[in-house]
Amino acid sequence: MLAAPLLAEEASGIGALGIDLSSLLVYLINFAVLSVILYFFAYKRILGVLDARSAKIKESLEEADRVRVNAQEQQEQMQRTLDEGRQEGQRVLLEAREAAERYREQQQEQARAQSEEMLQRARADIETERDAALEQVRAQFAGLAVTAAERIIRRSLDENTHRDLIDEVLAEGETMQSQE
Amino acid sequence: MVKVFAGAALIMVLVGLALGAIGAALFGNQPYIPLPEVHLAPQEVLTIAGFTITNTLLSAWLTTIVVILLFGLGSRATRMVPGRWQGFMEMFLEALYNFIKGVAGEKFARPFFPILATMFIFVSFNAWMALLPIYPTVGFTADGHHEITTHLFRSSGTDINMPLALAVISFLFAEIWGFKVHGIGYLKEFFRGPNPLNTFIGIIELLSHFIRLISFTFRLFGNMLAGEIVLGMMTFLLVFLVPLAFYGMELLVGGVQALIFMGLTLVFTVMAVATHGDHDNEHSEAGSH
């Protein structure tokens, strides 16, 4: 190392600027080397990470959009399901009411029919009973008539006796009927 | 508190004024900082196998190493959730990338990025590192003298070979992309047919492409050299505090120059890759305005 005289200091004109081909070449090579090193060790890495981050942000935004759309769709679907459920509930309730109404009417109709039937049956029974009773009364009356005839035949009857006899027979008949 | 700082600053300015060249002229003493020597050409530090290593070249290598360490270590283990350093690297490079994308579009932004970003980083860091105290204070003295005659490091922007090398890269970058996109048809930009007016325009266009080499070179060289001289002179004249304002300005100049260099290369490359039809459209639109 040494302190040296100035380069091209003695030169004049453009030469005084110190233009030197070898220095020029060194600067060119220096720049090329610096460019290559920075390209591989800085630009490529930094731009790469910037690109990756940009892609990730883009992807995240798209994902967020997708999630938002999905959530919206799900919310709409839930709302639809809820509406359908509500409508279904209303329908079931209505049907149940209708069924209950139908059942009530059916039961009423059935009860009415049963009571009618029972009434008919009772009436028929009463009719039968009455007929039987009348038959029985008739038979008893016939018996009484026969008895009365026998008694008439056995005694000569005046008018008063005849009447008393008839009253007696009728009274017996009523007594028998009330006993039955 | 503000008054204390203001008072201290005023005292420093006055002391600097007294110790600097202005005070030396007034009081007849030697200036605290020696008059800076202005060298257009870089200074030789050592020679290895016939190759001269200059202080500007050393500075370029130092910048290269620092940049590789900063950006290489910053992006050593990239993660999706970045740390502070990675976050800073990402912010810095993404800003550059968006700038390039804004001009060149999505299609060309990625292939243009490595060269253009390196241009910006190298030019700016080179200018900013030249503001470090080791640049003007470390060097070699001549025999029997105390003053430094050869600095160990000097901003490589002040060495015309560095701006020229970048200008060559910028020129080649634009032209190679022009040929890459249009093939041999790119030459139609310069050879526009038998019409004398078109021929003239083609020649002017061709010249403008080569003149870019000169404009690129001297813009950067001039600004960097002027910055170095301004800083040296202000330190020589006022010593304390006031030169700091110029250091701040040079910090800005370094970034602006890097942005201009990268931006112009980008614009010229975009013009080269644009179709001739696009050019015609642009011209007709410009004409209509």
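Here, the structure is the one placed above.
The rules behind each value
- Residues numbered from 1 in each chain as written.
- Chains lettered and ligands numbered in written order.
- Predicted model: local features only at pLDDT ≥ 70, side-chain atom pairs only at ≥ 80, totals over all residues.
- Heavy atoms only, no water.
- Helix = DSSP H or I, 4+ residues; strand = E, 2+ residues; numbered from the N terminus.
- Buried < 20%, exposed > 50% of the residue type's maximum accessible area, 1.4 Å probe, protein only.
- Contact = heavy atoms within 4.5 Å.
- Areas by Shrake-Rupley, 256 points an atom, 1.4 Å probe, with all protein chains shown as cover.
- Lys, Arg positive; Asp, Glu negative; His and termini not counted.
- Charge placed at Lys NZ, Arg CZ, Asp CG, Glu CD.
- Buried area = accessible area lost by both parts, 1.4 Å probe.
- Salt bridge = Lys/Arg side-chain N within 4 Å of Asp/Glu carboxyl O.
- Polar contact = N/O pair within 3.5 Å; in protein donor to acceptor, adjacent residues only side chain to side chain.
- Phe/Tyr/Trp six-rings, centres within 6.5 Å; stacked < 30°, edge-to-face > 60°.
- Lys NZ or Arg CZ within 6 Å of the ring centre and 35° of its normal.
- Pairing = 2+ DSSP bridges.
- Axes fitted to C-alpha atoms, helices over the stretch in contact; angles between N-to-C directions.
- Parallel < 35°, antiparallel > 145°, perpendicular 65-115°, else oblique.
- Nonpolar A, V, L, I, M, F, W, Y, C, P; charged D, E, K, R; others polar.

Draft legend 1. Just the overall build of chain B, in detail. What chain B contains, in helices and strands, is nine helices and four strands. Ordered by position from the N terminus, the helices and strands of chain B form the series α-α-β-β-α-α-α-β-β-α-α-α-α. Each principal axis of the C-alpha atoms in chain B carries an extent, and together these give about 75 × 55 × 50 Å. Within chain B, buried positions represent 42% of all 289 residues. In chain B, of all internal contacts separated by at least 6 residues, the share reaching a separation of at least 24 is 66%. In the structure as shown, chain B presents an accessible area of about 14,700 Å², 73% of it carried by carbon and sulfur atoms. Across chain B, 13 positive and 17 negative side-chain charges occur, with their mean positions spaced 11 Å apart.

Draft legend 2. Up close: the interface of chain B and chain A. Of the residues lining the interface, 58 residues belong to chain B; the matching set on chain A comes to 39 residues. Of the roughly 4,200 Å² buried where chain B meets chain A, counting both sides, 73% is carbon and sulfur surface. Applying the counting criterion to the chain B and chain A interface returns two salt bridges. In this structure, Arg53 of chain A and Glu90 of chain B form a salt bridge, with 2.6 Å as the shortest nitrogen-oxygen distance. Between chain B and chain A we count eight residue pairs in polar contact (both at pLDDT 80 or more) in total.

Draft legend 3. Here's a closer look at the side chain of Thr118 of chain B. Mapped onto the fold, Thr118 of chain B is located in helix α4 (residues 84-129). Given the relative accessible area of 0%, Thr118 of chain B is considered buried. A polar side-chain atom of Thr118 of chain B sits 2.9 Å from a polar atom in the side chain of Tyr43 of chain A. Excluding residues that lie within four positions of it along the chain, Thr118 of chain B makes contacts with Phe31, Leu34, Ser35, Leu38 and Tyr43 of chain A together with Phe113 of chain B.

Draft legend 4. Expanded view of the packing of aromatic side chains. All names here are of chain B. Considering all chains together, one arrives at 20 aromatic pairs over all chains under this definition. An angle of 40° between the planes, with centres 5.0 Å apart, marks the rings of Phe171 and Phe210 as tilted. Here Phe171 is found in helix α6 (residues 161-182), whereas its partner Phe210 is found in helix α7 (residues 196-238), with 39 residues between them in sequence. Here Phe216 and Phe261 contribute two aromatic rings whose centre-to-centre distance is 4.7 Å and whose plane-to-plane angle is 45°, an arrangement assigned as tilted. Of the two residues, Phe216 sits in helix α7 while Phe261 sits in helix α8 (residues 242-273), which places them 45 residues apart along the sequence. Here the two residues Phe216 and Phe261 agree in accessibility, since each one is buried. Chaining the aromatic ring pairs together yields one cluster made of Phe71, Trp85, Phe88, Phe92, Phe120, Phe125 and Trp128. Taking NZ or CZ as reference, Lys180 lies 4.3 Å from the ring centre of Trp177, over its face. One Lys or Arg, Arg212, reaches over the ring of Phe268 and ends 3.7 Å from the middle of that ring.

Draft legend 5. Representation of the pairing of strand β2 (residues 51-54) of chain B. Residues and elements named next belong to chain B. Two strands pair when backbone bridges link them, and strand β1 (residues 44-48) and β2 are joined in this way by four bridges, in the antiparallel orientation. Bridge pairing in β2 places Ile48 opposite Phe51. Where β1 folds back on β2, the antiparallel hairpin that results is connected by two residues, among which Ala49 adopts a positive phi of roughly 50°.

Draft legend 6. Looking closely at the pattern of salt bridges. All chains considered together, the criterion is met by 15 salt bridges over all chains. The partner of Lys101 of chain B in a salt bridge is Glu106 of chain B, with the nearest N and O atoms 3.8 Å apart. On the basis of relative accessible area, Glu106 of chain B is assigned to the exposed category, the value being 56%. Connected via shared salt-bridge partners are Glu88, Arg91 and Glu95 of chain A.

Draft legend 7. Here's a closer look at the packing of α4 of chain B against α6 of chain B. Residues and elements named next belong to chain B. Two elements in contact, α4 and α6, have axes separated by 12 Å at closest approach and are oriented at 175°. Compared by their axis directions, α4 and α6 come out roughly antiparallel. Residues Phe108, Pro111, Phe112, Ile115, Leu116, Met119, Phe122, Val123 and Asn126 of α4 touch α6, and the partners they reach there are Met162, Leu166, Ile169, Ser170, Phe173, Trp177 and Val181. Tallied by class, residues from the contact of α4 with α6 come to 14 nonpolar, two polar and no charged.

The analysis is restricted to geometry; functional conclusions fall outside its scope.
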